[in-house]
Amino acid sequence: MITLDLARCSGCSRCEVNCSFFHSGKIGRSGARIKVLKIEDIGIDYPVVCQQCQERYCAKCPEKAIRVDSLGQVIVSPTLCTACGTCEILCPIGAIELFEEIPLVCDLCGGDPRCVKACTLDAIHYDPEVTGAISLKDFKKSSRGLNPEEKRLRYVIALSQELRDRWVAERRG
Amino acid sequence: MQNGYGGHILRVDLTSGSIHRKKTDPAYMLNVIGGRGLNSTRLYEELPRDCDPLTAENMLLIGVGPLTGTLLSASAFMTISGKSPLTGILGDSAAGGFFGAELKLAGYDQVVMTGRCEKPSYLYIADDHVEIRDASHLWGKDIWQTTAAIRKDINDNAVQVAAIGPAGENLVKYATVACNNSRMCGRTGMGCLFGSKHLKAVAVRGKGRLTVADPLGYLDLCRELDQKIMAHPEYEKRNALGSTLLMKALNGIGILPTDHFQHGLCEYVDRVSGETLAENFKVKNKSCFNCNLHCSRYYLVGEAEAEGPEFETLCSYTSRIGNHDLEFGLKMNAFLNRMGIDSLSSGETIGWAMECVQRGLLNKDDFDGLDFTWGNCQTVEKLLGMIIRREGIGDLFAEGTRSLARHFGKGSGEYAFHVKGLDMICGDPRGIKAFGLTYAIASRGGDHLRAEPFFELTERYDEAEKRWGVRDIADRLSDNGKAILVEHTERQALLTDCLTMCKNIGLSMDILDFDFASRLLIAGTGLKFTPEKVDDALKGVIDRDRKMNIDFGVTAEQDTLPKRFTHEPLKEGGSKGQVVPIGRMVKEYYKAKGWSAQGVPQD
């Protein structure tokens, strides 16, 4: 799975840009499967990407268009998918989102993730050994009715708290 | 979308509320490229020359470069232009961050605003949807609050906002526009222009995707640029410190403005340096869109926090005003970011007052009882509040140093360090002659970014000989050949501005040349941007800027520097004994440009 060293992230969005370009030849956040969230009032930048969660919420696709591949990555079948949006609704952290009727989710670029290559701060890593390690149950509960951007924001606020506390302790004593 | 370009020009009349989208014309763009070139040309063609900058007649433009928002590193800027409320001549200022890329993704290369909103408003652009919204509830809010409130209004954290603070609302002449809270369009008072139009902010969200003409060719070029940046000998240091490295670097060569340019050497530089900032207050690197240098920083200090400061702010609020206390400088940076005023211009008004008091020209009684002794932090803090609210003496300070000195007279004008009304940047020109020439001739007034002739600091003598046939060009203390250097780097600087690219990378790191830019433009846009075509476009923009400024009343006599820099040799340090022979240099510059002896472009 893709892992993150949050303290290193500057929020540049190179991961996002390169993800979009690799997958579509075009550039834009809409086309990216990793999306950088900013909580600007507290200096946090956080790239949100599929966590290959234990629960595999998105795989409960009614059309059986989503399967988990050998590296733990999520693969969407373009022939089976009807763009119903269930996966988008089911993901608790906004890591899968429809764009132009296609669910976009991290596919690890087939094992050579471009976001990892694009990051020059060594903030994003790929560990092929780790998959299904993270539970998103805690985020599932209250994610109903939120759009993907709102879900991502809520997720980032929760996961960046530790780093923020560390900064405050270090700089404000 | 057109390849590279956003594909549309958006015109908004704030008075009538009429909104028009027009396709970007590729043939037109070939002559102006984009960004500042596009903005300047629009002003040249449409701006009524005699308009009062604060009236509805003035134009307010936001321009973005043709490659901004794409794979190209360090091209994240956007440029705001109009007739400057501070100087009365061409005004523009650029900021990095994420606004420029978002505007492109929404499908726009430029936003042209005219007229004036009847009540406080903000412009909201979401792809094809454009709307003028009520901002009554935002009026009075600072920039951080405004940005957060707009994102909440729209219920989208990814919306990019360029906003003004209370200073812009109160028409402080050097008010700024900020995006991403701390990324400032700082110079020439574009925030005041926003305020005069009752425009609190422009918010943009783009869900489109940009295309380039030759994706694989373009990818290769972008990778090549990435490599050049990463392999640059200064990469590590610039990554760690950004422009704040200049505190010690400029001090090392004796040109760090100290006590308002009375000294070029600051004995307490280690207390206020970028290194000390990084060690004690920085928590992490920050970056503009898609940049691989990540030269900015986030810091916490006491109860305050912000992104930045860049060198100019750091110096303006430490050594330039005799302040030894770095924490105070950092707090002021956070405060200025929130309130939206330019650190350079406000810092110069303070330095001017302090020097006038030191020399006995003016005293407490002239300044509402404020004590302007060097480094008096209480005074600085109190004054800034008064400037923002235009209260008491702050009302005069809000007009800028040129105006202040005219008001007080008594010889205080000799210590008002501006060129054409724009307060000078932090870098004593006496030890960097090409920079001195740049301040004198820059089309927006006393500023380095119009040419950023960084090459003169490199001591690359053989390279200087190879490029221009004059070895002295690599010697910062020599004025020989500097007009040739400035003529060259002025085009290079404009090129980065047209691409809305970062000058730290394009120019200071000497990474962007005309041939490479031409290849990027061709692969990106598919238009025939040959090196010759690019150069013609750049020369055209520079000449038009000059003609426009002449219409605004600029004369050759104003292409000069304050007397201190031409007549008072530096007393100590690495540039001891130096002054700038500005008259001779300006004449040589006109000649290099092919302008008349009076600095008028010849058709």
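Scroll up to find the structure this text is about.
Since we're looking at a predicted model, the values are computed, not measured.

## Notes on the overall build of chain A
Item 1. Each helix and strand in chain A was counted, giving 6 helices and 8 strands.
Item 2. Seen in sequence order, chain A has helices and strands lined up from the N terminus as β-α-β-β-β-β-α-β-β-α-β-α-α-α.
Item 3. Relative to the compact-globule value of 16 Å for 173 residues, chain A shows a C-alpha radius of gyration of 16 Å, a close match.
Item 4. When its C-alpha atoms are laid out on the principal axes, chain A stretches across 55 × 35 × 30 Å.
Item 5. A buried classification covers 51% of the 173 residues belonging to chain A.
Item 6. Of the contacts formed within chain A by residues at least 6 apart in sequence, a portion of 63% connects residues at least 24 apart.
Item 7. Taken as a whole, chain A presents about 7,600 Å² of accessible surface, with 53% of it coming from carbon and sulfur.

## Focus: the packing of aromatic side chains
Residues and elements named next belong to chain B.
Item 1. Counted by the stated rule, this structure contains 18 aromatic pairs over all chains.
Item 2. For the pair Phe-261 and Phe-417, a centre-to-centre distance of 5.7 Å together with 85 degrees between the ring planes defines the contact as edge-to-face. Of this pair, Phe-261 sits in the loop between α9 (246–252) and α10 (269–272) while Phe-417 sits in the loop between α17 (401–408) and β16 (418–419), and the two are 156 residues apart along the sequence.
Item 3. Geometrically, the ring pair formed by Tyr-589 and Trp-595 is edge-to-face, given 5.7 Å between the ring centres and 85 degrees between the ring planes. Across the pair, exposure class does not vary: Tyr-589 and Trp-595 are buried alike.

## Some details on the interface of chain A and chain B
Item 1. Taken together, the contacts link 39 residues of chain A with 52 residues of chain B.
Item 2. Here chain A meets chain B over a buried area of about 3,600 Å², counting both sides, of which 49% is carbon and sulfur.
Item 3. On the chain A side of the interface with chain B, the three residues burying the most area are Ile27(A), Glu40(A) and Arg171(A), jointly 20% of the side's total.
Item 4. Counting across the interface, chain A meets chain B through 7 salt bridges.
Item 5. Between Glu305(B) and Arg164(A) there is a salt bridge, with the nearest N and O atoms lying 2.6 Å from each other.
Item 6. On inspection of chain A and its partner chain B, the count reaches 31 residue pairs in polar contact (both at pLDDT 80 or more).

## Quick word on the side chain of Arg476(B)
All names here are of chain B.
Item 1. Along the polypeptide, Arg-476 turns up in the loop between α19 (461–468) and α20 (482–498).
Item 2. Buried within the structure, Arg-476 lacks any salt-bridge partner; its nearest side chain of opposite charge belongs to Glu-459, at an N-O separation of 5.8 Å.
Item 3. Separated by 2.7 Å, the side chains of Arg-476 and Ser-575 make a polar contact.
Item 4. Contact partners of Arg-476, with chain neighbours within four places excluded, come to Ile-253, Gly-431, Ile-432, Lys-433, Glu-456, Leu-457, Lys-482, Gly-574 and Ser-575.

So, how was this worked out
- In this convention, every chain numbers its residues from 1, walking through the sequence in written order.
- Working convention: letters from A go to chains and numbers from 1 go to ligands, in the order in which they are written.
- Only residues with pLDDT of 70 or above have their local features reported here, since the model is predicted, and side-chain atom pairs are shown and tallied only from 80 upward, although totals for entire chains, interfaces and linings are computed over all residues.
- To obtain the side-chain values, all non-hydrogen atoms of the structure were included, while hydrogens and water were left out.
- Under the DSSP-based scheme used, a helix requires at least four consecutive residues in state H or I and a strand at least two consecutive residues in state E, with every element numbered from the N terminus.
- Using C-alpha atoms as the atom set, the radius of gyration is obtained and then compared with a globule rule of 2.2 Å times the number of residues to the power 0.38.
- In this scheme, a residue with accessible area under 20% of its type's maximum is buried, one over 50% is exposed, and one in between is partly exposed, where area comes from a 1.4 Å probe on protein chains only.
- By definition in these notes, contact holds between two residues if any of their heavy atoms fall within 4.5 Å.
- Reported accessibility uses the Shrake-Rupley method at a 1.4 Å probe radius. Residues are deemed covered only where the shown protein chains occlude them.
- Here is the rule: rings of Phe, Tyr and Trp (six-membered ring for Trp) pair when centre to centre is within 6.5 Å. Planes less than 30 degrees apart are stacked, more than 60 are edge-to-face, and the remainder are tilted.
- Put simply, buried area is the surface a 1.4 Å probe can reach on two separate parts but cannot reach once they are joined, added for both.
- Put simply, a salt bridge is a Lys or Arg side-chain nitrogen that is within 4 Å of an Asp or Glu carboxyl oxygen.
- Nitrogen and oxygen atoms within 3.5 Å of one another constitute a polar contact, given that in protein one can donate a hydrogen and the other can accept it, and given that sequence-neighbouring residues count only through two side-chain atoms.
- Just so you know, the count uses Lys and Arg for positive and Asp and Glu for negative, and it drops His and the chain ends.

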